[in-house]
Amino acid sequence: MNIQDILPGKSYACKYKDLTGTECVAVIHTRDTEQELVRVCDVESDMMMTLKWSECYDVDLVDWQEQEA
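Only a predicted model underlies this, so the values are computations on that prediction, with no experimental measurement involved.

Asker: Mind laying out the sheet that holds strand β4 (residues 48-52), listing which residues take part and the relevant values?
Answerer: Here we have 5 strands laid out as an open sheet, ordered β4-β3-β2-β1-β5, and antiparallel in their pairing. The outermost strands of the open sheet, each flanked by one partner alone, are β4 and β5 (57-61). Neighbour to neighbour, the strand axes of the sheet diverge by 40° on average, direction disregarded. Pairing geometry for strand β1 (residues 12-17) and strand β2 (residues 23-32), over 6 bridges, is antiparallel. Looking at the pairing, Y12 lines up with I28 of β2.

Written as structure tokens, this is what we have:
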């Protein structure tokens, strides 16, 4: 998937490797197609960060599910 394929109004998630080389999952919040950067929120730590698009892989649509109480 190319950065241009990410459509506004849709939710996407991606995988990336953190500084230790561990595979992580994040939700993509915004993208900059000119600089090829994405602002993501790590699913586990809830930390926001900016990644190069080339660092992201396994990008896919998010299928949000309601969590039962």
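Asker: So, the pairing of β1: which residues are in play, and what are the values?
Answerer: Here β1 folds back onto β2 in antiparallel fashion, the turn holding 5 residues, of which G21 has a positive phi close to 90°. When β1 meets β5, the two strands line up antiparallel, connected through 3 bridges. Residue pairing across strands places Y12 opposite L61, the latter belonging to β5.

Asker: Go over the side chain of D42 with me, naming the residues and quoting the values.
Answerer: Residue position: D42 is located in strand β3 (residues 37-42). For D42, the side chain forms a polar contact with the side chain of Y16, separated by 2.6 Å. Separated by 2.9 Å, the side chain of D42 and the backbone nitrogen of E44 make a polar contact. Setting aside residues up to four positions removed in sequence, D42 forms contacts with Y16, C24, V25, A26, M47 and M49.

What counts and how
Residues numbered from 1 in each chain as written. Predicted model: local features only at pLDDT ≥ 70, side-chain atom pairs only at ≥ 80, totals over all residues. Heavy atoms only, no water. Pairing = 2+ DSSP bridges. Helix = DSSP H or I, 4+ residues; strand = E, 2+ residues; numbered from the N terminus. Axes fitted to C-alpha atoms, helices over the stretch in contact; angles between N-to-C directions. Polar contact = N/O pair within 3.5 Å; in protein donor to acceptor, adjacent residues only side chain to side chain. Contact = heavy atoms within 4.5 Å.

Function-wise, these values are silent; they only describe arrangement.
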